[in-house]
Amino acid sequence: MKNLNSRALKLEHDRLFLLDQQALPHGELWLDATDPAAMIAAIKALKVRGAPLIGVAAALSLACFSQKQTDPAALRSLALQLRQSRPTAVNLMWAIDRLLPLCAEPERLQAEAVAIFEEDQRLCAQMGEMGAELIAEGDHILTHCNSGGLATAGIGTALGVIYTAWAAGKKLHVYVDETRPLLQGARLTAWELSKWGIPYTLICDNMAAMLMRQGAIHKVFLGADRVALNGDFANKIGTYNVAVNAFYHHLPFYPVAPYSTLDFQAADGSAIPIEQRGAEEVRGLVQHTGALSWAPHEAPVYNPAFDVTPVELVTALVTDRGIFKREELQAGVLKQLSPG
Ligand code: MRU
């Protein structure tokens, strides 16, 4: 397969490498995840993460495996394991479902996996161009979690929109929610914005409402892990809080997602499965350098990794295929898009 290179994933001479997102921002460690067991473990541990990127990574993992193992049954079995490695981001199922019919044709499967990587880069660029029109000179933008080059094969979804506006010369400032419990905002979005040189301020998740009231935030852009046909969408836990706060303060609220994040089987947000994660992530902090616990070791914990934001709170959904306003989403515009 040809060599591929993105911010968080590399294919070099048929070996697949991941930038360990649990080690960021202080360590930039590349892990060899050519072995599919290593890839599955990395997806579960969020060493590779973000809805589009886990789809791309799983596809390339299956493609690498198909270079050594050509038995269609073995390939199908691995495909199904990869497909189940995380439940909420539908891009994972979307990518594997493109490859499942090719398990008896390894070379076509490998070409399709490379096409998925390259397509994700194009989708990011298209969302960037579309969404950047919504950003005005001098905007102060709030974002949640990480939706940049660490979450996709390209420039990102919501962060890609911000990057595109900034690269076009618009002055802007980003408020970055730290995003408890796993701190994708503090560790990853802050790191990416620093790399790009985009001005930002890191805040705790519970500070956004006050900043909105003070007029310090003008707009919200964030990503999505699964969008239902009525426009309800799942994203990192805390997104719903941000949406309610933006609605109360009459601020535009824009989720950004490629068509590969649309779930054509989900009529509304109630059909979206929500990943539940371990108690230790809430009782303290689990990092590659070790764990720190500040709650009683036996404290009962509830740790849903995502929440669902209802379409009523969405100003418009930015996709690679256009920008759809709340009323259009509610009228069912997404049902008219084709899944491929
Ligand atoms: O648990 P994660 O870090 O994989 O969650 C990621 C998010 O919630 C992102 O906001 C989402 O994938 C959309 S950005 C491409």
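Throughout this document, residue positions are counted from 1 along each chain, in the order its sequence is written. With the structure being a predicted model, the display of local features is reserved for residues of pLDDT at least 70 and the display and counting of side-chain atom pairs for 80 or more, all residues being used for whole-chain, interface and lining totals. The side-chain figures draw on all heavy atoms in the structure; neither hydrogens nor water molecules are used.

Asks: Kindly report on the overall build of the protein, identifying the contributing residues and their values.
Replies: Scanning the protein from terminus to terminus reveals eleven helices and 16 strands. Computed over the C-alpha atoms, the radius of gyration of the protein is 19 Å, within 12% of the 20 Å expected from 2.2 N^0.38 for a compact globule of 340 residues. Projected onto its principal axes, the C-alpha coordinates of the protein cover approximately 60 × 50 × 40 Å. Here the protein holds 340 residues, and 57% of them are scored as buried. By the convention used here, residues are in contact when the closest approach between their heavy atoms is within 4.5 Å. Sequence-distant contacts in the protein: of pairs separated by 6 or more residues, those separated by 24 or more amount to 72%. Total accessible area computed for the protein in this model is approximately 13,500 Å², and 55% of it derives from carbon and sulfur atoms. Computing the positive centroid from 29 side-chain charges and the negative centroid from 35, the protein places the two 1 Å apart. In this description a helix means any DSSP run of H or I spanning at least four residues, a strand means any run of E spanning at least two, and both kinds are numbered starting from the N terminus. In this treatment the radius of gyration is a C-alpha quantity, and the globule benchmark scales as 2.2 Å times the residue count to the 0.38 power. Only protein chains enter the calculation, and the probe is 1.4 Å; a residue is then buried if its accessible area is under 20% of its type maximum, exposed if over 50%, and partly exposed in between. Here the open area of atoms and residues is found with the Shrake-Rupley method and a 1.4 Å probe, where only the protein chains shown may cover a residue. Here the positive residues are Lys and Arg and the negative ones are Asp and Glu; neither His nor the chain ends is included. By convention, charge coordinates are those of NZ in Lys, CZ in Arg, CG in Asp, or CD in Glu.

Asks: So, the sheet that holds strand β9 (residues 226–227): which residues are in play, and what are the values?
Replies: Pairing between two strands requires that DSSP report at least two bridges joining them. Strand order across the open sheet formed by three strands is β9-β10-β14, with antiparallel pairing between neighbours. Taken across any chain shown, the strands that pair with only one partner, and hence form the sheet edges, are β9 and β14 (306–309). Of the pairings in the sheet, the one linking β9 to strand β10 (residues 233–236) comprises two bridges and is antiparallel in character. Within β10, the residue paired with R226 across the bridge is A234.

Asks: An account of the packing of aromatic side chains is needed here, citing residue identities and associated values.
Replies: What counts as a ring pair is set by centres within 6.5 Å for rings of Phe, Tyr and Trp (its six-membered ring), and what kind of pair is set by the plane angle: stacked under 30 degrees, edge-to-face over 60, tilted for all other angles. Enumeration according to the criterion identifies five aromatic pairs in this entry. Look at W94 and Y259: their rings are 5.8 Å apart centre to centre, the planes differ by 85°, and that puts the pair in the edge-to-face class. Residue W94 is found in helix α4 (residues 90–99), and its partner Y259 is found in the loop between β11 (253–255) and α10 (280–283); the two are separated by 165 residues along the sequence. In this structure Y259 comes out as buried when scored by relative accessible area, which is 6%. Sitting over the face of the ring of W196, R7 holds its NZ or CZ atom 5.4 Å from the ring centroid. Directly above the aromatic system of F306 lies the positively charged group of K236, at a separation of 4.2 Å from the ring centroid. Consider the ring centre and the ring normal. A charge sits over the ring if Lys NZ or Arg CZ is within 6 Å of that centre and within 35 degrees of that normal.

Asks: Can you lay out the domain arrangement of the protein for me, pointing to particular residues and giving the numbers?
Replies: When its domains are assigned, the protein resolves into domain 1 (4–124) and domain 2 (130–336). Distance from the C-alpha centre of domain 1 to the C-alpha centre of domain 2: 23 Å. Here the quantity called buried area is the accessible surface, traced with a 1.4 Å probe, that two parts lose on coming together, added over both. Across the domain 1/domain 2 interface, buried area totals approximately 3,000 Å², and carbon plus sulfur atoms make up 54% of it. Taking the shortest distance from any N to any O, the salt bridge between R86 and E275 comes out at 2.8 Å. Domain segmentation is taken from an automatic or database assignment of domains. We define a salt bridge as a contact between a side-chain nitrogen of Lys or Arg and a carboxyl oxygen of Asp or Glu at a distance within 4 Å.

Asks: Mind laying out helix α9 (residues 239–248), listing which residues take part and the relevant values?
Replies: Along α9, the residues classified as buried are T239, V242, A243 and A246. Each buried residue of α9 sits inside an arc of 100° when the element is viewed along its axis, so together they form one side. Immediately downstream of α9, the backbone of H250 shows phi near 60°, a positive value. The arc in question is traced by the directions running from the helix axis to the C-beta atoms.

Asks: Help me get a handle on the site of the ligand, residues and values and all.
Replies: As a structural note, the neighbourhood of the ligand is formed by 18 residues, with R49, R86, D225, N235 and K236 the closest of them. Contacts described as polar in this section are N or O atom pairs within 3.5 Å, which, within protein, must combine one atom able to donate a hydrogen with one able to accept it, while residues neighboring in sequence count only if both atoms come from side chains. Between an oxygen atom of the ligand and a main-chain N or O atom of A51, the distance comes to 2.8 Å. Protein coverage of the free-state accessible area of the ligand, which is 410 Å², stands at 100%. Breaking the shell around the ligand down by element, the ones donating at least two residues are α2 (51–68) and β10. Each residue is assigned to one class: nonpolar for Ala, Val, Leu, Ile, Met, Phe, Trp, Tyr, Cys and Pro, charged for Asp, Glu, Lys and Arg, and polar for all the others, Gly among them. Of the residues belonging to the shell around the ligand, the class tally is seven nonpolar, seven polar and four charged. A domain-level breakdown of the shell around the ligand finds at least three residues from each of domain 1 (4–124) and domain 2 (130–336). Only a single heavy atom is needed: when it lies within 4 Å of a molecule or strand, its residue is near that molecule or strand.

Asks: Provide a residue-level description of the side chain of E192, including the pertinent values.
Replies: As for its placement among the helices and strands, E192 is situated in helix α7 (residues 184–196). Within polar-contact distance, the side chain of E192 engages the backbone nitrogen of L150 at 3.1 Å. Contact partners of E192, with chain neighbours within four places excluded, come to R7, N146, G148, G149, L150 and L159.

Asks: Describe in detail the pattern of salt bridges, supporting the description with residues and values.
Replies: The full count for this structure, using the stated rule, is 16 salt bridges. The closest approach of N and O atoms between E192 and R7, which form a salt bridge, is 3.0 Å. A residue pair is termed long-range when its members are at least 10 positions apart, and E192 in helix α7 and R7 in the loop between β1 (4–5) and β2 (9–12) qualify at 185 residues. Given a relative accessible area of 25%, R7 falls into the partly exposed group. Residues joined by salt bridges that share partners form a network here, namely R86, E275, R277 and E281.

Asks: An account of the environment of N230 is needed here, citing residue identities and associated values.
Replies: As for its placement among the helices and strands, N230 is situated in the loop between β9 and β10. With 103 residues separating them along the chain, N230 and V333 place their C-alpha atoms 8.1 Å apart. The residues contacting N230, other than those within four sequence positions of it, are A267, D268, G269, V311, L329 and Q330.

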